[in-house]
Amino acid sequence: MEHVLSSDTLTELRRPRPYPAVSVLTPTHRREPDKAQDPVRLRNVLAEAKKQLEADPAVTRERRTDVVEQLEQALAEVDLNHSEDGLAIFAAPGEHQVWSLARTVPERVVLSDTFLTRNLVAARAAESPYWVLTVSADRIALWSGAGARVVPADLAGFPLTRSLEPQDVEREERVGDVPSTFTDEETRRFLRDADTALAAVLRSTPRPLYVAGEKAALALLGEVGTAAEDAFHVPHGGLGHAGAEAVWQAVRPVVTAEDLRTVDAVTTELESARGRRAYAAGVDEAWQNATAGRVRLLAVEENYRVTVRDGGGHLVPADGDDLDARHDIVDEIVEQCLDTGAQVRFVPDGTLADAQGMAAVLRY
C-alpha cells in the first residue's frame, strides 16, 4: 500500500482515464475491536464496485473484465494488519493503486473518468508532511515524514552512499595527511551532491525540512550548498544507517515544537483577520469563499467532520442517509482551497470551537 503522496503523484492521479476509472473508499481501523470489521467491509464495498460495473451500459465487457481484475489485484495488496484510518483503491483499465490514509473517509464507490482524489489531498494536508535529511560521512538519506511517521524516500538519487576507505592508504601513512572526516575534499563533494539532489526534491515538492546529523556535518552542509539553509537543524549523530523509528525519535522534539508554534501562529492570524473583517467561520462560509477563490488560509480541527446538503445556495446539516448528503464536504473544501493556492492548517480539536471547527482568513 502507498503512503507518501508527492505533488507529481497527485498530478498523475488526477489526469483523465479511459472510462471507467473506479474509486473505492472505505474507513479502516488501527485497533481492535473495530478492526475486526474491516475485512468484511472491504469485501462488501468491492462487491458494490463490481455490481456498478456490471450494471453500467457504458462499460464494455472487455473493460469490465480488465477493471475487475485490477480490483482483485488491489485487494491482494491491501494489508489490513497495518491499516490506518482510511483506505482508497483506484482502478482503471490496465492500472490500480492502493492508498492507506491517516484520516477517515466516507464509504463510497465512484465511477468516472478521473479518480476521486480529494480525500488523499485532505489526508496529506492533515498530516503536515515534511522531509528529514539524515547526514553522515558515508550515507545521506532522505525521509518523508507525516504526523508521527517517517518512511524512506528513495528518490532523486537518495540515499547517497560512499566508502570511507582511504583511496591512497600508503601515501597517507607515509606523509601523515589523514584529513578530518568533515574537512576533506571528498566529503565536501559528497555533501555538495546531496545539496544538489535535495534542491531538486524541494523544487518539485516543497515541505518543511529537518536535517539531522553531527554538528560538523550540519555546518559543512551549510557551507557547500543552499538547499538546506531554511531547514530545522537536529544535532544528532549515529543516524546514517538508522531505521525509521530511530530517525523519528531523533526529530520528534523539534517537529512537535514546530507544530505547536504553527498552531499559535494560525490562531493569531485568525484573530487579526476577524478584526479587519477578512474572516469566515463555519462550513458554509468556508465553502462559499473557497469556491470563489477568496481563502488565503484555511484552519480545520483535526477530527472535524460534518454531513451537509445544498439548501438552496447554502450548505445545511443533513442526515447520513439523505440521498443528497455530502459526507466529505470538509475534504472538498480543503482540496478546493489548495487548488486555489491557499494554505491549509489542521489544528487540535477544540481550537476553533467558536467557529464550529473551521475558519478562514480571506484574501479580500
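Details of the structure are given in the entry above.
Residues numbered from 1 in each chain as written. Predicted model: local features only at pLDDT ≥ 70, side-chain atom pairs only at ≥ 80, totals over all residues. Heavy atoms only, no water.

Another aspect to go through is the sheet that holds strand 12 (residues 295–301). Spatially, four strands are ordered 11-16-12-15 in an open sheet, and the strand pairing comes out mixed. Every other strand in the sheet has two partners, leaving strand 11 (279–281) and strand 15 (343–347) as the edge strands with one partner each. Strand after strand, the sheet turns through a mean of 15° between neighbouring axes, direction not considered. When strand 11 meets strand 16 (residues 358–362), the two strands line up antiparallel, connected through three bridges. Its bridge partner lying in strand 16, A281 is registered against A359. Across the sheet, helix 9 (residues 282–291) is in contact with strand 11, strand 12 and strand 16; its angle to strand 11 comes to roughly 130°. (Pairing = 2+ DSSP bridges. Helix = DSSP H or I, 4+ residues; strand = E, 2+ residues; numbered from the N terminus. Axes fitted to C-alpha atoms, helices over the stretch in contact; angles between N-to-C directions. Contact = heavy atoms within 4.5 Å.)

Okay, the nonpolar core next. Judged by nonpolar contacts, the single largest core of 37 residues is most densely connected at L298 and I333. Of all the secondary structure elements, the ones that give two or more residues to this core are helix 4 (118–126), helix 8 (244–275), strand 11, helix 9, strand 12, helix 10 (329–339), strand 15 and strand 16. Counting 27 residues, the second-largest nonpolar core is a separate cluster that includes W131, V135, I140 and A194. (Core = buried A, V, L, I, M, F, W, Y, C linked by side-chain atoms within 4.5 Å. Buried < 20%, exposed > 50% of the residue type's maximum accessible area, 1.4 Å probe, protein only.)

A word on helix 7 (residues 215–224). Of the positions making up helix 7, those classed as buried are A217, L218, L220, L221 and V224. The buried residues of helix 7 occupy an angular sector of 165° when projected down its axis, which confines them to one face. Along helix 7, exposed side chains directed more than 90 degrees from the buried face belong to K215, G222 and E223. (Arc of directions from axis to C-beta.)

On the secondary structure map, E301 appears in strand 12. Here E301 is buried and forms no salt bridge, its nearest opposite-charge partner R103 lying at an N-O distance of 10 Å. Only 2.7 Å separates the side chain of E301 from the backbone nitrogen of L352, close enough to count as a polar contact. Here E301 is in contact with F346, V347, P348, D349, G350, T351, L352, A353 and G357, once residues within four sequence places are set aside. (Lys, Arg positive; Asp, Glu negative; His and termini not counted. Salt bridge = Lys/Arg side-chain N within 4 Å of Asp/Glu carboxyl O. Polar contact = N/O pair within 3.5 Å; in protein donor to acceptor, adjacent residues only side chain to side chain.)

Residue Y19 is joined to P20 through a cis peptide bond whose omega torsion reads 5°. Omega for the peptide link from E32 to P33 comes to 5°, which places this bond in the cis form. Positionally, P33 belongs in the loop between strand 1 (21–27) and helix 2 (38–55). One non-glycine residue with positive phi stands out, namely S128, at about 50°. Here S128 lies in the loop between helix 4 and strand 5 (130–135).

Just geometry here; none of it tells us what the structure is for.
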